[in-house]
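Survey of secondary and tertiary structure
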Amino acid sequence: MRRSVVPRTVLLAMPAVALAVGTFLVEPVRVESTSMEPTLMSGDHLLVDDRAYRDHPPRPGDLVVFDGADATLVKRVVAVGGDTVAIEDGVLEVNGSAVEEPAVDPKTVDGMYYGPARVPAGTVFVLGDNRRHSVDSRQFGPVPVGEVTGRVILRWWPRPGTP
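Below you will find a few notes about this structure. Remember, predicted model here, so these are calculated numbers, not experimental data. (Residues numbered from 1 in each chain as written. Predicted model: local features only at pLDDT ≥ 70, side-chain atom pairs only at ≥ 80, totals over all residues. Heavy atoms only, no water.)

What follows covers the pairing of strand S4 (residues 72-80). The sheet contact formed by strand S3 (residues 63-67) and S4 spans five bridges and is antiparallel. Note on S4: the bridge partner recorded for Leu63 is Arg76. In this antiparallel pair of consecutive strands, S3 and S4, the connection spans four residues. (Pairing = 2+ DSSP bridges. Helix = DSSP H or I, 4+ residues; strand = E, 2+ residues; numbered from the N terminus.)

What follows is the structure in structure tokens.
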């Protein structure tokens, strides 16, 4: 009795197909600044989902990638179109309510103020977790949703938890 070669061929081809599909779904990005510390460190390598926002816009808390004036930037979405954003003595407020930000060291943002400012429809307001060393929406304004190229899905090098 002769075995069919089709299942074996399909099994052997699956990794190549998965790699080819993955090439179009995710993009590697290298962090080039300290603006997202301690969440992301300069030199970290990320995988970015290029299709993340085809079905829905970015949401608060998402780490997004977009092209800045001189480089690809990675920032955290803190507010979306229609929201009002402010920073009062280092505390981020969205729509008048304080936002808990476990990745932001309150000692490093003490005395920082911004806004209040309304985020226009079709845009997102982004901030770096390292507020003192971040160029973000406080300087260049809200980012149009159409300019967000993807969402960070994985930090793969160095592995999380490695020094």
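Following the structure, the description resumes.
Moving on, we come to the sheet that holds strand S5 (residues 84-88). The strand order across the open sheet built from four strands is S7-S6-S5-S8, with neighbouring strands paired in antiparallel fashion. What marks the edges here is a single partner per strand, and that holds for strand S7 (97-98) and strand S8 (114-118).

Right, let's get into the packing of aromatic side chains. Applying the stated criterion across every chain yields a total of two aromatic pairs. With 6.0 Å between their ring centres and 70° between their planes, Phe66 and Phe140 make a pair best called edge-to-face. Placement of Phe66 in strand S3 and of Phe140 in helix H3 (residues 137-140) is noted, with a sequence separation of 74 residues between them. (Phe/Tyr/Trp six-rings, centres within 6.5 Å; stacked < 30°, edge-to-face > 60°.)

Before going further, it helps to spend a moment on a nonpolar patch on the surface. Together, Ile153, Leu154, Trp156 and Trp157 give the surface a local cluster of nonpolar side chains, amounting to about 410 Å² of exposed area. For Ile153, the position within the fold is in strand S11 (residues 148-157). Look at Ile153 and you get partly exposed, because its relative accessible area is 40%. (Patch = residues over 30% accessible without salt bridge, like charges linked within 9 Å, V, L, I, M, F, W, Y side chains within 5 Å. Areas by Shrake-Rupley, 256 points an atom, 1.4 Å probe, with all protein chains shown as cover. Salt bridge = Lys/Arg side-chain N within 4 Å of Asp/Glu carboxyl O. Buried < 20%, exposed > 50% of the residue type's maximum accessible area, 1.4 Å probe, protein only.)

On to the side chain of Arg131. Mapped onto the fold, Arg131 is located in the loop between strand S9 (123-127) and H3. For Arg131, a relative accessible area of 2% translates into the label buried. There is a polar contact of 2.8 Å between the side chain of Arg131 and the backbone oxygen of Gly128. Those residues in contact with Arg131, other than ones at most four positions away along the chain, are Glu101, Val104, Val109, Met112 and Arg138. (Polar contact = N/O pair within 3.5 Å; in protein donor to acceptor, adjacent residues only side chain to side chain. Contact = heavy atoms within 4.5 Å.)

The biggest cluster of nonpolar side chains holds 12 residues, and these are Val78, Ala79, Val85, Ile87, Leu92, Val94, Val104, Val109, Met112, Val119, Phe125 and Leu127. Breaking this core down by element, the ones donating at least two residues are S4, S5, strand S6 (91-94) and S9. Excluding residues within four positions of it along the chain, Val78 makes contact with Pro60, Val85, Leu92, Val94, Glu101, Phe125 and Leu127. Formed by 10 residues, the second largest nonpolar core is a distinct cluster that contains Val29, Val31, Leu63 and Val74. (Core = buried A, V, L, I, M, F, W, Y, C linked by side-chain atoms within 4.5 Å.)

Interpretation in functional terms is not warranted from these geometric data alone.
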